[in-house]
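The lines below spell out each chain.
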Amino acid sequence: MTASTIDHLVSVTVFLAAILLFISLFNQTIQTAILYQQHRHLATVCSDLLDNMMLNPGYPLNWGKTNSTPTSFGLQDPEFTQYRLSPFSLMRLNYSSGTPVYYSKTGQYYSNITIGFGKFLLVPFNEIINYSTAAELLGINETYGFSLTVTPIVTVSISEIESSPLKLEVSVKGTGFPLANANVSYCLITVKASGGGPYPSYTTDYGESLTDGGGSTVLTFPSFDGNSESYVLIVYAHISGLVGVGYHEHVRYDGSYVVPLIGDFDSKTVVIAHSWDVHQGDDPAEISYNATFLLLSEDFTLREVPLENSTGKVGKINYGNGQPFNNITIPTYNPGIVIITYRKSAQENGVVLMPWGISSMAFPVTFGSTYPFDKEWVVTDIRQVLVNSIAYQARLSLWSLKGYGVIG
Amino acid sequence: MMRTIEILLVIIIITGAFIIASLFAVLPSPRQVSPLNLRRLALTTLQTLDGDYDLSATVFKANDDSAWAQLQIALSACLPPNMIYNLTVYEVQGGAQLYTPIKSFSNAESLGVSSDAASSLVASSNVTFSVTPEKIGGSQGGGVTLYILNCSDSYGWWITGYTAQSLAQDLYNLLSPYFTKTIMVQNTAQLGQILGNTSLQGETVQNAVIINTFGEAVPIPTAYCKSPYSANSYANYSYALGQKVLLYNWTWTSIVGYPFYYVSNTGNFSSIQNGWGIYGMNQIGPGGLNAFLRGLDNQSYSYDPTDIKGSPGVVYLSNQVIDSSNYYGIYPSQSQTSTRALPTSIISPYSTYHLKVTTYVFNPVDNWIPGAVYRHFVTVNGTSQNQGSFYALGLTRTPDIRLTALGLLTDFKPRLYRSEYTVNGTSRLVVLQLGQAGGV
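Keep in mind the model is a prediction, meaning the values are calculated, not measured. (Residues numbered from 1 in each chain as written. Chains lettered and ligands numbered in written order. Predicted model: local features only at pLDDT ≥ 70, side-chain atom pairs only at ≥ 80, totals over all residues.)

### Looking at the overall build of chain A
- Of regular secondary structure, chain A possesses four helices and 23 strands.
- Taken across its 408 residues, chain A has 45% of its residues classed as buried.
- Once local pairs closer than 6 in sequence are excluded, the contacts in chain A between residues at least 24 apart make up 68%. (Helix = DSSP H or I, 4+ residues; strand = E, 2+ residues; numbered from the N terminus. Buried ≥ 20, exposed ≤ 12 C-beta atoms within 10 Å, placed from the backbone. Contact = placed C-beta atoms within 7 Å.)

### Digging into the overall build of chain B
- Of the regular secondary structure elements, chain B holds 11 helices and 20 strands.
- In chain B, which comprises 440 residues, the proportion classed as buried is 42%.
- Taking the intrachain contacts of chain B between residues at least 6 apart in sequence as the baseline, contacts between residues at least 24 apart amount to 72%.

### Quick word on the nonpolar core
- Counting residues in hydrophobic clusters, the biggest one holds 135 residues, and the most contacted among them are V235 and V338 of chain A.
- At eight residues, strand β11 (residues 230-239) of chain A tops the list of elements feeding residues into this core.
- Not counting the four nearest positions on each side in its chain, V235 of chain A is found in contact with V156, I158, V170, V184, Y186, V245, G246 and Y247 of chain A.
- Grouped together as the second largest cluster of nonpolar side chains are 84 residues, A240, A291, A405 and L409 of chain B included. (Core = buried A, V, L, I, M, F, W, Y, C linked by C-beta atoms within 7 Å.)

### Describing the packing of helix α8 (residues 231-248) of chain B against helix α9 (residues 287-296) of chain B
Residues and elements named next belong to chain B.
- Following both chains from N to C, one finds α8 and α9 inclined at 30°, their axes separated by 7 Å at the closest point. Accordingly, the angle class assigned to the pair α8 and α9 is roughly parallel. Every pair of crossing elements has a handedness; the one defined by α8 and α9 is right-handed. Taken together, the residues of α9 that come into contact with α8 (itself represented by N232, A235, N236, S238, Y239, A240, L241, G242, Q243, V245 and L246) are G287, G288, A291, F292, L293, R294, G295 and L296.
- Among the residues making up the contact of α8 with α9, the classes are represented as 10 nonpolar, eight polar and one charged. (Axes fitted to C-alpha atoms, helices over the stretch in contact; angles between N-to-C directions. Parallel < 35°, antiparallel > 145°, perpendicular 65-115°, else oblique. Left-handed = near helix turned anticlockwise from the far one by under 90°. Nonpolar A, V, L, I, M, F, W, Y, C, P; charged D, E, K, R; others polar.)

### Some remarks on the sheet that holds strand β23 (residues 390-400) of chain A
- Pairing in this open sheet of five strands is mixed, and the strands run β1-β22-β23-β5-β21 (chain A) from one edge to the other. Across the chains shown, the open sheet's two edge strands, defined by having one partner strand only, are β1 (84-85) and β21 (365-368) of chain A.
- By the bridge criterion, four bridges tie strand β5 (residues 144-152) of chain A to β21 of chain A in an arrangement that is antiparallel. Among the inter-strand pairings, S147 of chain A is bridged to a residue of β21 of chain A, identified as G368 of chain A.
- The sheet strands contacting helix α1 (residues 2-54) of chain A are β1, β5, β22 (378-387) and β23 of chain A, and the helix crosses β23 of chain A at an angle near 140°.
- Helix-sheet contacts for helix α3 (residues 38-49) of chain B involve β22 and β23 of chain A, and the interaxial angle to β22 of chain A is about 15°. (Pairing = 2+ DSSP bridges.)

### Focus: α3 of chain B
Residues and elements named next belong to chain B.
- For α3, with 12 residues, the first-to-last C-alpha span of 16 Å sits near the 16 Å given by 1.5 Å per residue.
- For α3, the buried fraction is high: 11 of the 12 residues fall into the buried class.
- Listed as buried for α3 are L38, R40, L41, A42, L43, T44, T45, L46, Q47, T48 and L49. (Expected span 1.5 Å × (residues − 1).)

### Things to note about the interface of chain A and chain B
- Contacts between chain A and chain B engage 42 residues on the former and 42 residues on the latter.
- No other element matches the 19 residues that α1 of chain A contributes to the side of chain A that touches chain B.
- Residue composition of the side of chain A that touches chain B, by class: 23 nonpolar, 15 polar and four charged.

### So, the environment of E208 of chain A
- With respect to the helices and strands, E208 of chain A occurs in strand β9 (residues 202-210).
- Between the C-alpha atoms of E208 of chain A and Y236 of chain A, which are 28 residues apart in sequence, the distance is 9.4 Å.

### Some remarks on the packing of helix α10 (residues 319-328) of chain B against helix α11 (residues 401-412) of chain B
All names here are of chain B.
- Here α10 crosses α11 at 100°, and the two axes come no closer than 9 Å. Considered as vectors, α10 and α11 are oriented roughly perpendicular to each other. When α10 is examined against α11, the residues Q320, V321, S324, S325 and Y328 are found in contact with a partner set consisting of L406, G407, L409 and T410.
- Of the residues in the contact of α10 with α11, the class split is four nonpolar, five polar and no charged.

### Points about the confidence of the model for chain B
- Summarising the model, chain B shows a mean pLDDT of 90, and 95% of its residues fall at 70 or more.
- The ipTM for the predicted assembly is 0.86, set against a pTM of 0.68. (pLDDT = per-residue confidence, 0-100.)

### With respect to unusual backbone geometry
All names here are of chain B.
- In this chain, S348 is followed by P349 through a cis amide linkage whose omega measures 5°.
- Phi at F260 takes a positive value of approximately 60°, unusual for a residue other than glycine.
- Topologically, F260 is positioned in the loop between β9 (251-254) and β10 (262-264).
- Of note, N298 is a non-glycine position whose phi angle comes to about 55°, a positive value.
- Along the chain, N298 turns up in the loop between α9 and β12 (313-316).
- Overall, the presence of 16 C-beta atoms within 10 Å leaves N298 in the partly exposed class.

### Remarks on α8 of chain B
Residues and elements named next belong to chain B.
- The first and last C-alpha atoms of α8 sit 23 Å apart over 18 residues, in line with the 26 Å expected at 1.5 Å per residue.
- Among the 18 residues that make up α8, 13 are buried, leaving the element largely enclosed by the rest of the structure.
- Following α8 by one or two positions, N249 adopts a phi angle in the positive range, close to 55°.

### A look at the pairing of strand β5 (residues 145-149) of chain B
Residues and elements named next belong to chain B.
- Where burial is concerned, most of β5 is hidden: five out of the five residues are buried.
- Burial along β5 is two-sided: T145, Y147 and L149 facing one way and L146 and I148 facing the other are all buried.
- Relative to strand β6 (residues 181-185), β5 is paired through five bridges, and the arrangement is parallel. By the bridge assignment for β6, I148 is matched with M184.

### Some points on the environment of E162 of chain A
Residue and element names in this part refer to chain A.
- Structurally, E162 is set in strand β6 (residues 155-162).
- Of the residues examined, E162 has 12 C-beta atoms within 10 Å and is grouped as exposed.
- Considering only alpha carbons, one finds E162 and N227, 65 residues apart in sequence, at a separation of 9.7 Å.

### Considerations on the pairing of strand β19 (residues 336-343) of chain A
Residue and element names in this part refer to chain A.
- Counting buried positions along β19 gives eight out of eight residues, so the element sits mostly inside the fold.
- Pairing analysis gives eight bridges linking strand β15 (residues 287-296) to β19, with the strands arranged antiparallel. If you follow F293 over to β19, its bridge partner there is V338.
- Looking at chain direction, β19 and strand β20 (residues 349-356) are connected through eight bridges and run antiparallel. Paired with Y342 across the bridge in β20 is G350.
- Connecting β19 to the antiparallel partner β20 that follows it, the hairpin turn spans five residues.

### Considerations on the sheet that holds strand β14 (residues 269-274) of chain A
Residues and elements named next belong to chain A.
- Strand order in this open sheet of three strands is β13-β14-β18, and the pairing throughout is antiparallel. Of all the strands in the sheet, the pair left with one neighbour each is β13 (258-264) and β18 (326-329). Each neighbouring strand pair of the sheet contributes to a mean axis angle of 30°, computed without reference to strand direction.
- Strand direction decides the pairing type here: β14 and β18, joined by four bridges, are antiparallel. Looking across to β18, one finds that V270 is bridged to I328.

### Structural notes on the environment of Y109 of chain A
- Residue placement: Y109 of chain A occurs in strand β3 (residues 108-114).
- Setting aside residues no more than four positions away along its own chain, Y109 of chain A makes contact with P100, Y102 and F125 of chain A.

Structure, rendered in structure tokens:
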């Protein structure tokens, strides 16, 4: 009787222990499988969402060229099919990596993509599309978080080897390889120390070259003294369908300069602001300026499109209260570069650039939520896209905001 | 002791079950759990490389051409560094073997444990692909004649910015490929001939399509500038036109504005102006359209000057026409302004004029039809059949003749026969296969 009782007690105890152990084992296997499924599902959603953004122009179709908020979100260029994105829709996205700037004369905060001195893209907050709006329009609000980066595939970096005579090394690279034997088209804009009356004048020189096996080429300007002139070099590099943009500038004076701000997409106006009113500085002074607009033509050369005098092509601006800003009107919705030369005195001058359409200066775009280091799983997918012929790579990172009920 | 042994046996069985279940429950490798969509990446890479048709140009070059090396550089440069690729170009040909590889390059021996591919069919820039339109009515034998009114002795109205002659030429260019014969009616005398069922160039007058390029005005032959056609400011002429449309089973097309509002003949109306200072033209008024519709329905003539038009404002192309727009490659603006729309009362009740709308060019707005093809039906031996048609675009000036063309094509639906894309030597298939470096 006692032996039988002990037998029963031992067997029941062992049985219960075994059952608990196996439930735990099976549970772990099932949980792992469920997690795999959920991660796989997240990857599918990421791919679908990226396609949804890239292959849909949104509504209205031309929302990137207006001040309106779209009722459907998409970045495709409405004039094309496939993975071609609108340079203007991208321009209206809130750049999440930049620090917004405030301009008191318009009373507006501006989304800020600034790639070093003189390369500005500042878009007023009342005309940008922010992350929460996009998430709502995409139907993923409070379900998924995302971060979208659209970066140029081709990097064109320019460095000064020698200033007099000016020698510049142009290096062209892709994401994984230097671009050997790439065609290079360039435009050198020089601010003249004299001439042009009260406003700064400039000259333009165009040329072409070819990169060597390491993806580099040296551009030499024999009669040009890089120390005594302000200049900007804009380079387009292209090989077998891949196109990239780079730029390099040298200014003789940056105590006061022009800051171009997007004024209005509908009317294509750009606000010409004084730097002291935007970034302050240590030498505020009245400056004169001369604005021009360059288009990238189909043969990868830059073509000047005149701005009418009546639209504020030239003028003077000053800092502080009672000194109004000026406006210029871009004559077209074709992407290009706004180039503004400025001058305080004959020897104190410089030049700043602003892209009209994100692609013309190959500006990157980062849009979305901050990267979630606390999330259990983040998936990423990429597409190669064209933005007005410039090759970009679009990368979407996606994570679930719901979390997973994982035990153990 | 026996119970303990039994439990041990149970544990062994459950362990066995767990092991067997684990063997069958094969979980995917980590790389497959959250993968890059390599297929899409490959496709978009090919599209990027072909963005300026460079890829299309390269794949038709000789195998030793330097463009291949440039293509490989571009491909290597645009893919992430950990990506392995193989690009193969196939010649597309007929016969037993459809695809023959002609060139391939890769950056690795193999494509790793998993890979995916996308393909793109590219066409040679040396090849011209032709499109042959079907002739309207050709399948019924005989075909349909297109008459475009190009009368030199008439003036147009509400075709501001154009002349009837320039519109006629554009219409000829757009529509003549779809018709067996296209004839420009050069003067009102020729119009009088076809109204009398006399062919101008041996064509078939019956079943023709007539496009009036004069807008709200209609050319009138001298023979019709008299009684009884002159009654009620020539409303009776419109009635006669309606009868001819019915008699010859024509499709009468009005390209803009209020149809049949004026008649024009520069010789006969040299001292008459249309109410707006244009001599050579006489104003009929709204009664012209009402008379035409009565004539089309073979009703007795009576003068009705009631203005029946409506002004719905901005109107939009119907889905049917948007589809046709893509098919025929004619792309007018999808939104237009309509201030001369016809009322739905001309089709409902049906007994009013026995008209049915076969094609809505624009979506109706409330009780207004901004643009539509109306077909008139008669009953012959108990069978209802189409006899005479009317296509009216009640838009505001100035006319867009692409809408006229698109409406007719949508209604008649001629097919387009495109040449083969897989003709030997004209197409090549580019396959890009991608994998990721590293193990599982």
